Every structure is written in structure tokens, then in C-alpha cells.
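# Structural description and commentary
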Amino acid sequence: MSDVICPGDEDELSAALAQAASEKRPLEIIGGGSKRDVGRPVQTAGRLSTEKLTGVTLYEPNELVIGAMAGTPLREIEKALAKNKQHLAFEPIDLGPLLGERPGQGSIGAVFATNLSGSRRIQVGGARDHLLGVRAVNGLGELFKSGGRVMKNVTGVDLCRGLSGSWGTLAVMSEVTMKVLPCPEATRTLLLRGLTDEVAVGAMCAAMGSPFELSATAHLHASCAAAMGMEGLARKGQTVTALRLENFASFLDYRAGRLGEKLSAFGKIAELDDEQSKDFWNAMRVLKFFDGGEGAVWRISVGPNKGAKLVAALSAHLDCRAVYDWSGGLIWVEVAPSRDAGATEVRRSIAEFGGHATLIRADAPVRAGLEVFQALDPAVATLTKRIKDSFDPAGILNPGRMYSDI
Amino acid sequence: MSSLAIPEPDAQILDRRDEIVRELRRIVPQRDCVVADEDGRRAFETDALTAYRQMPLAAVLPTTTEQISEVLKYCHRNKIKVVARGAGTSLCGGAMPLQDSIVVGVSKMNRVLDVSYENRTARLQTGITNLGISTHVTPDGFFYAPDPSSQLACTLAGNLAMNSGGAHCLKYGVTTNNVLGVKMVLMDGTIIEIGGEELDSPGYDLLGLIVGSEGQFGIITEATVRILRAAEGARPMLMGFDSVASAGDCVAGIIGSGIIPVAIEFMDKPAVRVCEEFAKAGYPLDVEALLIVEVEGSEEEIENLLARVTRIAKKFKPSVIRISQSPEESAAIWLGRKSAFGAIGRISDYYCMDGVIPLGRLAEVLVEISKICDRYGLQVSNIFHAGDGNLHPLILYNANDPVQVEKAEECGAEVLKLCVEVGGCLTGEHGVGIEKRDLMPFQYTQTDLIQQMRIKDVFDPDWLLNPAKVFPLEARTYQ
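Note that the coordinates shown come from a computational prediction; the quantities given were computed from them, not determined experimentally.

Attention now goes to the domain arrangement of chain A. By a widely used convention, the size of an interface equals the accessible area lost when the partners come together. Residues and elements named next belong to chain A. Once the domains are mapped, chain A shows domain 1 (49–182), domain 2 (186–288) and domain 3 (293–368). Between domain 1 and domain 2, the residue contacts involve 13 residues of the former and 12 residues of the latter. When domain 1 packs against domain 2, close to 1000 Å² is buried across both sides, 51% of that on carbon and sulfur atoms. One can count 3 salt bridges joining domain 1 with domain 2. Arg 120 is the salt-bridge partner of Glu 246, the closest N and O atoms lying 2.8 Å from each other. Contributions of two or more residues to the side of domain 1 that touches domain 2 are made by helix H2 (74–82) and helix H4 (121–124).

Take a look at the structure:
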């Protein structure tokens, strides 16, 4: 790895990318670098970082909108919002600790570039749903914008969504504008212990199908619950199923009570209070449930009612442990280290139950040798390649990070 | 309104009309599925932007995705333009055909394919009406969140094409936030499936690009949408103000306080009068501005939330505060709002704007809009989703008076430019269509537009789908 280009403004960013394009010199694109070890390893001589593109550019609490340069650390955005009791409601996850980095290093641009949303996604939408506007430079060095700072905008092709989750392969974001929401006044979490995966998913789906507006539901295998490091959370050998309610404090007695009645058939219900709830869900945000593990980690997105079957199928062939988020629709699986990180079995299960899987943690040689992201259907793969070419015809932006040909 | 340029039709294609109709009948042989006679075609020549009309070559109403694929393959081979159509309720001319195009309507594909209450998803053919989705799941306590005012008629296909919103989107988001997967036919006939019952899809966010692409990228025949469990109850309240500015400030006050109601709707005096006459909703007639605020939850929670909203509102000195006392009253309050466009349409032709502005500029922008309309000697009536700053000024004019027609269009353009100038955008939920096509350069640079058009090129390299819409004609010379 040689020079790192750190543009200080959009003009410098444009110039750097235009030059790289003219020289056909591929670049690895990074923000805070906290997710560098995710995806297929990018093997480029040069690197471009957004670390000097920083600062909040707009914040109107009464309009629920904040804007910032893309390299601004997420923690700074969250600090600014917290002063006004606001937050990014999709509670972006932090992969840093899972990948052996310090927590809190991610940039706000990368939050959207990777579209990694946390537990509240199930209620309020994901990162991509909160991105109102973006300014970005494509692989030709052209600065363009899409969306803006207002809550609704259907003017033209929605490039905000288009760039979300593109892992820096289409354009380098210079500035993002996003929707924020008031922090809930209070939080409570109902707990069920010892449920099988299948029953737990049933409980989570039943809770989500109630009118009490759950903001998160998760189910942790016993060893994962233990790894959360919260006193009193895990009981020996028992899974933990957690159901989060957030609202005005005065509403939660009623909601927790009614939800408890609805779920009483699933077993004895325990509860985490406001502070304990925050600790628990903050630990979920940093995937603390895999603390101490060294296996490969997969992120699997699946129809909630198929999740338990999928994990059961995996468990029949692999030594693995799992945490279900999003009512069972998102599964984090850690498998014992192996040459293919369990890819063969994971892909086989996906073929049977649907959904898609991304390898989040594995050594670079392993990631270099297999499809880290889910392979696409041929027709979709063709469109994907052409979209890549429409933004980055010279192929200079994070080449090979997602798929070998984009 | 007729100032927008429509490309000259291709005479060779026009000459081949009989042959094209024959071929469409071969592909879609079912009775009444190819409309070729003049009276029949007239039903397809315009949409809810009635000032623009173009008689299509024919309209075809396939019954399967495969038929749509065959139709598009044929059109692709023969370079025949195609305009997709749901119910034809577009306010921006999004479904208006061209003379040398055919219309492909999805109205005969309107079945519910699958509902999963566990996963809270519904898979549907896209010809189903918006309300039809909610109606199907309401008995089980669920609903589909986006609720455009035209929901009784408009189709899911149209909602997906335009990324439709509605009054309750303040809390629940617009179409793009509530769709998980689509089956879509590309112009060359390829059938692609993106997403499904999962909350995200692998690879690029193609779904995000497709939703709101205004029929430019393909024809969506099936979709998986999120359905949500309805709250235990919901209740609206009315607040009247002596000035538009106070109402605007009150909206910002509520949003800034940490409460996100399900909806905050705004109507000005002229709108209130007309809607009251139509719906007998009990709207106060002596106020300059009226807010409808709806909250939801249990009975006790509703009381609590309404009390909180009332406390905030009182700072802005409302002259009337009235909380709905019965389901009937609530229904009447919403009927008045949802039938507003129709009610105003009974007394005058109108041109409906859809700009969005930063909430903090609301009061100032409303004053400015009045000044603009005064300058053109036209009346304006404001009805809109105030919570998210999505304005719908209705500019009243006489469609039979060519001078007024031109004035209304110019006046509308000024209003939208104002929205962009204050940091907003041209359209929040209706789409660009043909109506706002030539205003795009006010919001976007040529580079911005080129990047968008490159995506159009990816999906439809020959630009056969819904031509002459969204992108200014002169902007297309970029290649």
C-alpha cells in the first residue's frame, strides 16, 4: 500500500478521481477504515480516504434533519444529535469490535455506503431509508447530487438509494444529509429465556404483529447471551429472547403489560429496565454477542419465518452459534474457522430457504477465494455491472470489493 | 396547458398501427384485452393531468407477466414506444401516452398472491388498488401504510412508479420505505426479480433505483410490500388559526417537541370552505388556516398525546381546538381532507403543485406563494402534508381560457422554483412526469441529470419506455 490521498474538499476529491480515472489507477476507498476487512480484499496500489472531509454542515433539530461531510465520524454526529435528544433512528451497527478494531471509528459516509442498519431497522427502516440527500463524485471525477434536505423528494432517479450499500464501488460520497428522530423517552425490554429458535421466532413475530410498536426483537443462543457480559441476563445454557418497547415512559407500563399477556404462553417473562435495556441494545449494536469468538461470521438476511429452519440446517453440518435480529429476518452466525468459512453450507442453506448471506469476518485469503457477497441472478448481475460502468467506467473505485467484476 | 414540447410521432410507426394491433392481439388473445377502437383508446389518452392528451396506437391489458414480457420483446424488436399505466391517476402526466406509443396497462393483474402475517408481508400483482391492499388485510388488523389521496383508484404499480406518499407517511414513510421486492419486465422482455420477503437485498439497491423511476426502467408486475399491524386506535384533532404563519409555526413546534404524529395536514381558508361544503366535516369556517393532527395508540395514549399536542399548539394561539369525539366524526374529518382535490375540482379547474420545502420556511413560503398567485391574478388554495413540508398549492384557473391556462402554468413554475430556492424540491410524491420535466434544471445541474440518465440507459438503452418524461428533451444530447 503506498500513498493515501486525503482530499480536503469536493474540488480536491473530484480532481483526485478524475486523475485516477485518466491514469486508470484503481483506488481503495475508505472512510474511518473500520470496515476495511469486510468484503473481498481490494488490491490497489493507491488508497483514497475521506478522513479530511469532515464537519456537520447543517443541523435543524426542529426539521429533523442533519447534514455532514462524509468523513465525519459517526460518533460526532451522534454526539451532536444527543444534545437535542435526537438520534439516527436506524441505530447503525459498529463492526469495528468484531473485526478487532476500537469501537466508534466509522464515518457517517460509510454508514450509508454499507447500509448496515441496527436492530431498530424493523420498525423505522434502514440506513438507506434515512438518507435524504447525497453529494458524491463518480469514477469520472464528476461531482453530482441527488435528493436534498427535505423529508420527501421524488424528483428524478433516486440515486441516494442507488448509492446506499454500494460499498464505495460507484462513487465517493462527499456529503450526506439524513433524517433524524427524537430519542424515545423511555425503553423497556421483555425477556423470555430458554426458547428454541423456532419458538423464539414465533414469539418475536407474534410481538411484531401486536399493536404495541416494538422497536426491536432479538434471540440469542445461550453462549451469545453469555458473551453480552450483562449480569443477570444469561442463565446457564439458556437462550435469551429480547423484545424492546420504546415510547413515553407513561405508555410503557400499559404496553409491557399487554405484550406480556399476549406472550404469556411462551413462558415466564422477565424485564430489563430503561438503563439495562440501553446497555443490552448498545451491546447488540457492536455485536458483543460474539466477543471472544474467533470463527467466521456471516450476516444472513432471510424471511423471518424461515430463519430458524435455516439455522437448524446449518447446525446439522457446521459447529455454529447464532443471534437473530429483526424478528428473525437478520441472522448473525459464527461458524468454527475452516478453509471456506462454512461458505458451502451457508450457500446451500440459502438456496433452500431463500434470502442472502454476506461473509463479514474471515481472514483475507479466505475472503479472496470465495464470494463474500451473495452471488446475483444472471439478469441482475448484468444490470449491476452496467450500473457500475455508468458510474465508474474505468473501474477505479474499490474494484472487486463486492464482486470480482465490479 | 400545452406549452411543453412533445416529440413528433414517428410516421412509420403510425403507419404500422394495424399490424401492431394484430400482433398485440396474437400475444394477448383474451377478450377485451387489446383496446384499438377510437372510443376505447380515448380512455387512455390522458391521466389526471388532463391538459395533456395524446391518443395512443392501442392499449393492451395483459393478464400475466409473461404476456407483458412478450409484448415488450415485440416492441423492443420493432422500436415501438411503451407507456405503462396503472389506474391513470397521475397528476404529472406520468401515464400520458404518445401517439406513436402503445399503453401497457396492469389493471387486469390485481390479485393478492400471498400474505404472511408472521413476516408482515404481502405479495401482490401490481394492478391491485392501493386501498385494495389494506382492505385485504384489515380484517386481521393490518394495513399497508402509504395512502395517497387517490388510494381508492390508484394502483400499486403506479405507486411504485411514482414512489407515492400520502397523509400518513409522516410516521410510516413513502412507498420506497415499504417495498421489499419486485418482479419487473425490462424493455427487452427480460423478467427480473429483486428482493423478496427479506428486509434488504444483495448487491446494489436496485429496488431503490426502480421505485420512483416513473415507468422509465421497466414494468413492475408483482411486488412484496410490508404490511403493518394497525394501532389500537387513532383520532384526529382540528386546530384553527387566525393566520397561516401561526399554523406553520405550530407545525414546526409539534415536530420539534419530540412527538411525531401519524399525520399533520394543513388547509387554508379557501380549501376549508370548499371541503366543508363537500364533506360536512364540521371544519371551522372562520379560520385562516386549519391543521388536522392525528395520533394513534390505546385510548389512554391517544388522550395523552392529544393533550401534549394541545399544550404545544396553545403557544401559537389557535382560535379553535377540537378533538374528534367519535369514529364518525373522525371519518368525516378525513373524508374532507382526502376528497379535497375532488371538492375543489367541482368549483374550478386547478393545477396541483407538489413542491417540498424545509419546514422552518413554511410560513414565509406560504406568504410568497400568495404573492406569486396574486401577481398572476389567480386564486390559490393550499392543502398539504405539513409535517413533512410537502406543499400542494392548487392554482385555480379556467381551462377554457387559453390566457389563464398559460398563466397557471407559469405561476406553477414560479411556485416550484421558489420551493427549490428555499432548499426544497420540485416534487415530493407526485413525480416529475411531463409536467415538471422542463423544470428539472432548476433543481439539478446537467451533471446531476446525466448521472440519472446513465441509469436510464442501463435499464432502457433505446429510451422506449415512457418517453418524453422526467428528463428535459434537450438534456438528452449528452452522449
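The next thing to look at is the pattern of salt bridges. If you walk through the whole model with that rule in mind, you get 60 salt bridges over all chains. Close ionic contact of Asp129(A) with Arg128(A) constitutes a salt bridge, the shortest N to O distance being 3.0 Å. One salt bridge in this structure joins Glu45(B) and Arg42(B), with 3.3 Å as the shortest N-O distance. Assessed through its relative accessible area of 8%, Glu45(B) is described here as buried. Relative accessible area serves as the criterion here: at 38%, Arg42(B) is assigned to the partly exposed category. When salt bridges that share partners are traced, they join Glu213(A), Arg255(A), Lys171(B), Glu296(B) and Glu301(B) into one network.

It is worth spelling out unusual backbone geometry at this point. Most peptide bonds take the trans configuration, and most residues that are not glycine carry a negative phi. Residues and elements named next belong to chain A. At Lys 85, a position not held by glycine, the phi torsion is positive, near 55°. Among the structural elements, Lys 85 can be located in the loop between H2 and strand E6 (86–87). Owing to a relative accessible area of 65%, Lys 85 belongs among the exposed residues under this scheme.

What follows deals with empty space enclosed by the protein. One pass over the structure, following the stated rule, counts 5 cavities of 30 Å³ or more. In this model, the largest cavity occupies a volume close to 420 Å³. Surrounding the largest cavity, 33 residues form its lining, Asn115(A), His356(A), Asp200(B), Ser201(B) and Gly203(B) being those nearest its centre. Listed by contribution, the elements that provide at least two residues to the lining of the largest cavity are strand E18 (356–361) of chain A together with strand E8 (179–185) of chain B. If you tally residues by element for the lining of the largest cavity, the top one is E18(A), at 4 residues.

So, on to the domain arrangement of chain B. All names here are of chain B. Taken domain by domain, chain B consists of domain 1 (11–105), domain 2 (112–229), domain 3 (233–340), domain 4 (348–437) and domain 5 (438–478). Taken over C-alpha atoms, the centre of domain 2 sits 28 Å from the centre of domain 4. The interface is formed by 9 residues belonging to domain 2 together with 8 residues belonging to domain 4. Roughly 560 Å² is buried in total at the junction of domain 2 and domain 4, and carbon and sulfur atoms are behind 48% of that figure. Of all residues in domain 2, Met 162, Leu 170 and Glu 214 bury the most surface against domain 4, accounting for 59% of the area lost on that side. Connecting domain 2 to domain 4 are 0 salt bridges. Here domain 2 and domain 4 share 3 residue pairs in polar contact (both at pLDDT 80 or more) between them. Looking at the side of domain 2 that touches domain 4 residue by residue, the classes come out as 4 nonpolar, 4 polar and 1 charged.

Moving on, we come to the side chain of Ser349(A). Residues and elements named next belong to chain A. Mapped onto the elements of the fold, Ser 349 is located in helix H12 (residues 343–353). On the basis of relative accessibility, which here comes to 4%, the residue Ser 349 falls in the buried class. Sequence-distant contacts of Ser 349, defined by excluding residues within four places in its chain, comprise Leu 310, Ala 313, Leu 314 and Gly 354.

Once that is clear, we can look at helix H14 (residues 362–375) of chain B. Along an α-helix, a turn takes 3.6 residues, which lines up residues three or four apart on a common side. Residues and elements named next belong to chain B. Given a rise of 1.5 Å per residue, 14 residues ought to cover 20 Å, and the 20 Å separating the end C-alpha atoms of H14 matches this to within 8%. Restricting attention to buried positions, one finds in H14 the residues Leu 362, Ala 363, Val 365, Leu 366, Ile 369, Ile 372 and Cys 373. Where H14 is buried, its residues meet helix H9 (244–256), strand E13 (263–268), strand E17 (379–385), strand E18 (393–397) and helix H15 (402–421). In the segment just after H14, Gly 377 is the residue with positive phi, at about 70°.

Before going further, it helps to examine the sheet that holds strand E2 (residues 27–30) of chain A. All names here are of chain A. Taken together, 3 strands build an open sheet; the order of strands is E1-E3-E2 and the sheet is parallel. With partners counted over all chains shown, the strands left at the sheet margins are strand E1 (4–5) and E2, one partner each. Docked against the sheet, helix H1 (residues 10–22) engages E1, E2 and strand E3 (46–49), running at close to 160° with respect to E3.

What counts and what doesn't
Residues numbered from 1 in each chain as written. Chains lettered and ligands numbered in written order. Predicted model: local features only at pLDDT ≥ 70, side-chain atom pairs only at ≥ 80, totals over all residues. Heavy atoms only, no water. Domains from an automatic or database assignment. Contact = heavy atoms within 4.5 Å. Buried area = accessible area lost by both parts, 1.4 Å probe. Salt bridge = Lys/Arg side-chain N within 4 Å of Asp/Glu carboxyl O. Helix = DSSP H or I, 4+ residues; strand = E, 2+ residues; numbered from the N terminus. Buried < 20%, exposed > 50% of the residue type's maximum accessible area, 1.4 Å probe, protein only. 1 Å grid on protein atoms, 1.4 Å probe; cavity = no way out; pocket = protein on both sides within 12 Å on 5 of 7 lines; lining within 4 Å. Points joined across faces, edges and corners; volume = space filled by probe spheres on them. Polar contact = N/O pair within 3.5 Å; in protein donor to acceptor, adjacent residues only side chain to side chain. Nonpolar A, V, L, I, M, F, W, Y, C, P; charged D, E, K, R; others polar. Expected span 1.5 Å × (residues − 1). Pairing = 2+ DSSP bridges. Axes fitted to C-alpha atoms, helices over the stretch in contact; angles between N-to-C directions.

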